[in-house]
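# Structure assessment
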Amino acid sequence: MNFRKIILSGLLAVVATGMVSCKGEAKKGVTKTASDAVKQVTKPNVVVIYLDDLGYGDVSAYGGDALKTPNIDKLANEGVKFTNGYASSATCTPSRYALLTGVYPWRNKKAKILPGTAPLLISTTQQTLPKMFKAKGYDTGIVGKWHLGLGIGHTNWNQHISPGPNEVGFDSSYIMAATQDRVPTVYIENGNVVGLDPKDPIEVNYKENFEGEDTAISNPEKLKMTWHHGHNNSIVNGIPRIGYMKGGEAAKWVDEDMADHFLAKAKTYVKEHKKNPFFLYYAMQQPHVPRTPHPRFVGKSGLGPRGDVILEADWVVGEFVKTLEAEGLLENTLIVLSSDNGPVLNDGYNDDAVEKLGNHDPKGGLRGGKYSLYEAGTKVPFITYWKGHIQPKVSDALVCQMDLLTSLAKLVDGKVEGTDSEELLDVFLGKSDDGRASLILEATSRTALRKGDWMMIPPYKGVTVNKKVNIELGNSKEFQLYNVKEDKGQQHNLATQKPELLKELLADFEAVRGKNYSKTQALELK
Ligand code: NG6
Ligand code: CA
């Protein structure tokens, strides 16, 4: 039996609109009969390309012009470019948790930025995006950044590491455990450290150094990149990291080669699985710190390493799409491209991100950034592209990455139950503007509500600006209410002018979030 031939759920609806024939070529206005719908089509592959800390304004299709991202722009301009597309959170781990499980990250108290030694955050019994695809006969793979914990605690990096991605639905995994700035700085393939020499075992500790090992504090002369805040533990490849690591010399990655390395793995994945339907989660590392462009890209942006790695990432996207095309898969592959949280300039290394910024605005006119409850924390580039199946469109519909689980389940006739993920397939395919009514957004354990054109942020204690990263966090003693359509930069707090609306939004927020979201609950609405 040819595995790829199935009848697509939802095909009737597609055919009824006359937009797509059963072979997939556009045929506007042609009326199809129901019997046409019974014809078989090829089961689509799905690829989620997920960048790390890429801001709304970092993509030129989203209005940035100091930095040109032609390959990502092509997907945006020939697919659906969402202008209200959100990550669930303003940091990595919670956003990835929500993307893969369809569950709001604030429901899991452990869904916070994880150290490299954290145990697996997703339960092996939990439903996940790859499990949903697997149940429908897909092969599922992940290449790139994981950052959702591994093992059950006290991981021995010299043995098979489990549970991990392979135990929550991925048939194959080629990952970095946490982040590029955290140890262990090695690739892990299907639970095994790649290139490990058993005579040089790896040890990892986030609390104390191993005797006699260099650190950024004791051996600053060994650094090729200096730290600004945090990032002063073990030195790997001349770059100071978070956490201490000993051994594993032969297995350590080369930072400047990471983009090419993951790209090669992603391409191989596509080539090896092209005969069966596949779901690939390609989690790229750029432009997260440390920003280490391959020498080919050094100096190319004029904006320093942060700009250079964005150009590198854009090139990678182009190369990856070329591979799909060369393999004849482009018209049978839905590509989703987004970012796990908003932008940050100085995230702990002296890498000229601030100094060389010039006229570039990574926030794209939004307020805040990574770690922030303001828009720039979670509103990110969000693109769906499917050659011949999605018509070019700019969509203002409210969508969240968390919604992919249920929506993609609809696409492949898969099953999903009891999540926070909303079924918005037609929105993702550009056939409807009927997005979410509302969405709860999270930033470092604080939450806010987006509804309609509005954002409501309840009062939170704490500093208003994180001075190290120079980002406004969204904290205020007062309720904040912004019309984010008319006031993109969130400059006009209308909370006192619109008490009725504030009351309504707070009620909506509490209906989902409950009442224990803030330690400043004394400040209740009168
Ligand atoms: C922070 C790190 C930051 C980055 C972030 C995780 C310090 C001072 N800062 O704790 O550099 O690694 O964690 O980023 O250590 S994320 O995109 O993976 O959430
Ligand atoms: Ca991130």
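Residues numbered from 1 in each chain as written. Chains lettered and ligands numbered in written order. Predicted model: local features only at pLDDT ≥ 70, side-chain atom pairs only at ≥ 80, totals over all residues. Heavy atoms only, no water.

When its secondary structure is counted, the chain shows eleven helices and 24 strands. The C-alpha atoms of the chain give a radius of gyration of 23 Å, which matches the 24 Å a tight globule of 526 residues would have. Overall, the chain is about 75 × 65 × 45 Å in size when its C-alpha atoms are taken along their principal axes. A sequence separation of at least 24 residues applies to 71% of the contacts in the chain between residues at least 6 apart. Total accessible area on the chain stands at roughly 20700 Å², and carbon and sulfur atoms take up 51% of it. Distance between charge centroids for the chain: 3 Å, based on 64 positive and 62 negative side chains. (Helix = DSSP H or I, 4+ residues; strand = E, 2+ residues; numbered from the N terminus. Rg over C-alpha atoms; globule rule 2.2 N^0.38 Å. Contact = heavy atoms within 4.5 Å. Areas by Shrake-Rupley, 256 points an atom, 1.4 Å probe, with all protein chains shown as cover. Lys, Arg positive; Asp, Glu negative; His and termini not counted. Charge placed at Lys NZ, Arg CZ, Asp CG, Glu CD.)

A few words now on the coordination of the calcium ion (ligand 2). Ideal values for angles at a metal depend on the geometry: 109.5 degrees with four tetrahedral donors, 90 or 180 degrees with six octahedral donors. The coordination sphere of the calcium ion (ligand 2) contains the protein donors Asp-52 (OD), Asp-53 (OD), Asp-340 (OD), Asp-340 (OD) and Asn-341 (OD1), at a distance range of 2.2 to 2.7 Å. Here the calcium ion (ligand 2) binds six donor atoms, and the angle range of 51 to 173° at the metal identifies the geometry as irregular. Going along the chain, you hit the donors of the calcium ion (ligand 2) in the pattern D-D-x286-D-N. On the criterion of sequence distance, the pair formed by Asp-53 in the loop between strand S3 (45-51) and helix H3 (70-78) and Asp-340 in the loop between strand S15 (333-339) and helix H8 (375-378) is long-range, its members being 287 residues apart. With respect to burial, Asp-53 and Asp-340 carry one shared label: buried. (Donors = N, O, S within 2.8 Å, 3.2 Å for Na, K, Ca; no water. Tetrahedral: all angles 85-135°; square planar, octahedral: opposite > 155°, others 65-115°. Buried < 20%, exposed > 50% of the residue type's maximum accessible area, 1.4 Å probe, protein only.)

Time to look at the side chain of Thr-378. Structurally, Thr-378 can be placed in helix H8. Of the residues examined, Thr-378 reaches a relative accessible area of 1% and is grouped as buried. For Thr-378, the residues in contact, after removing those within four places along its chain, are Gly-85, Tyr-86, Ala-87, Ser-88, Ser-89, Ala-90, Leu-441 and Glu-442.

Taken as a whole, the chain is organised into domain 1 (3-40), domain 2 (45-195 + 254-329 + 339-428), domain 3 (203-246) and domain 4 (438-513). Computed over C-alpha atoms, the centres of domain 2 and domain 4 are 26 Å apart. Approximately 2600 Å² of surface area, both sides summed, lies buried where domain 2 meets domain 4, with 59% of it carried by carbon and sulfur atoms. When the area that domain 2 buries against domain 4 is broken down by residue, the three leading residues are Trp-106, Arg-367 and Leu-373, summing to 31%. Between the two partners, domain 2 and domain 4, sit two salt bridges. Between Glu-375 and Arg-450 there is a salt bridge, with the nearest N and O atoms lying 3.9 Å from each other. (Domains from an automatic or database assignment. Buried area = accessible area lost by both parts, 1.4 Å probe. Salt bridge = Lys/Arg side-chain N within 4 Å of Asp/Glu carboxyl O.)

Let us now look at the packing of aromatic side chains. One pass over the structure, following the stated rule, counts 19 aromatic pairs. The interplanar angle of 75° and the centroid separation of 4.7 Å between the aromatic rings of Phe-509 and Tyr-517 together place this pair among those described as edge-to-face. Its relative accessible area of 6% is what places Tyr-517 among the buried residues. Joined through ring pairs, the aromatic side chains of Tyr-50, Phe-133, Tyr-138, Trp-146, Phe-170, Phe-279 and Tyr-281 make up one cluster. For Lys-81, the ring lying beneath its charged end belongs to Tyr-62, and the centroid distance is 5.4 Å. (Phe/Tyr/Trp six-rings, centres within 6.5 Å; stacked < 30°, edge-to-face > 60°. Lys NZ or Arg CZ within 6 Å of the ring centre and 35° of its normal.)

Turning next to the nonpolar core. With 104 residues, the main nonpolar core has Trp-146, Leu-280, Tyr-281, Tyr-282 and Phe-320 as its most contacted residues. Apart from the residues lying within four places of it in its own chain, the contact partners of Tyr-281 are Val-48, Tyr-50, Arg-96, Leu-99, Leu-100, Gly-141, Ile-142, Val-143, Lys-145 and Phe-170. Counting 33 residues, the second-largest nonpolar core is a separate cluster that includes Leu-439, Leu-441, Phe-479 and Tyr-482. (Core = buried A, V, L, I, M, F, W, Y, C linked by side-chain atoms within 4.5 Å.)

Here we take up the sheet that holds S15. Each strand in a sheet pairs with its neighbour through backbone hydrogen bonds, running either in the same direction (parallel) or in the opposite one (antiparallel). Pairing is mixed across the open sheet formed by ten strands, whose spatial order is S9-S8-S7-S6-S14-S3-S15-S16-S4-S17. Each edge of the open sheet is held by one strand with a lone partner, namely strand S9 (192-193) and strand S17 (393-395). In this sheet, S17 lies alongside strand S4 (residues 80-82) in parallel orientation, the contact comprising three bridges. Following the sheet pairing, Val-80 is matched in S17 by Lys-393. (Pairing = 2+ DSSP bridges.)

So, on to the sheet that holds strand S20 (residues 446-451). One open sheet accounts for four strands, arranged S19-S20-S21-S24; its pairing is antiparallel. Because the sheet does not close on itself, it has two edges, and the strands there are strand S19 (438-443) and strand S24 (480-483). Averaged over neighbouring strand pairs, the angle between their axes works out to 20° when direction is ignored. In the sheet, strand S21 (residues 454-457) pairs with S24 via four bridges, with the strands oriented antiparallel. (Axes fitted to C-alpha atoms, helices over the stretch in contact; angles between N-to-C directions.)

So, on to the site of ligand 1. By nearness alone, 20 residues border ligand 1, and Cys-92, Asp-181, Arg-182, Asp-347 and Lys-370 come closest of all. Interatomic distance of 3.3 Å between a side-chain N/O atom of His-147 and an oxygen atom of ligand 1. Note that an oxygen atom of ligand 1 is positioned 2.8 Å from one of the side-chain N or O atoms of Lys-370. Here ligand 1, which alone exposes 450 Å², has 85% of that area covered by the protein. Its residues assigned to classes, the shell around ligand 1 comprises five nonpolar, eight polar and seven charged. Residues from two domains meet in the shell around ligand 1; each of domain 2 (45-195 + 254-329 + 339-428) and domain 3 (203-246) gives at least three. (Near = heavy atom within 4 Å. Polar contact = N/O pair within 3.5 Å; in protein donor to acceptor, adjacent residues only side chain to side chain. Nonpolar A, V, L, I, M, F, W, Y, C, P; charged D, E, K, R; others polar.)

Residue Pro-184 follows Val-183 across a cis peptide bond; omega there is 0°. Along the polypeptide, Pro-184 turns up in the loop between strand S7 (172-176) and strand S8 (187-189). Residue Pro-287 is reached from Gln-286 by a cis peptide bond, and omega for that bond is -5°. Structurally, the position occupied by Pro-287 is in the loop between strand S14 (278-283) and helix H7 (305-326). At Asn-190, a residue that is not glycine, the phi angle is positive and equals roughly 45°. Counting through the fold element by element, Asn-190 comes out in the loop between S8 and S9. Classification of Asn-190 by relative accessible area gives partly exposed; the value is 28%. Positive phi values are uncommon outside glycine, yet Tyr-371 reaches one of about 80°. Exposure remark for Tyr-371: the relative accessible area of 15% places this residue in the buried category.

Here we take up the pattern of salt bridges. Evaluated as defined, the whole model comprises 31 salt bridges. The salt bridge partner of Glu-472 is Arg-367, with a shortest N-O separation of 2.8 Å. Residue Glu-472 is found in strand S23 (residues 471-472), and its partner Arg-367 is found in the loop between S15 and H8; the two are separated by 105 residues along the sequence. One salt-bridge network, held together by shared partners, links Asp-52, Arg-96, Lys-145 and Asp-340.

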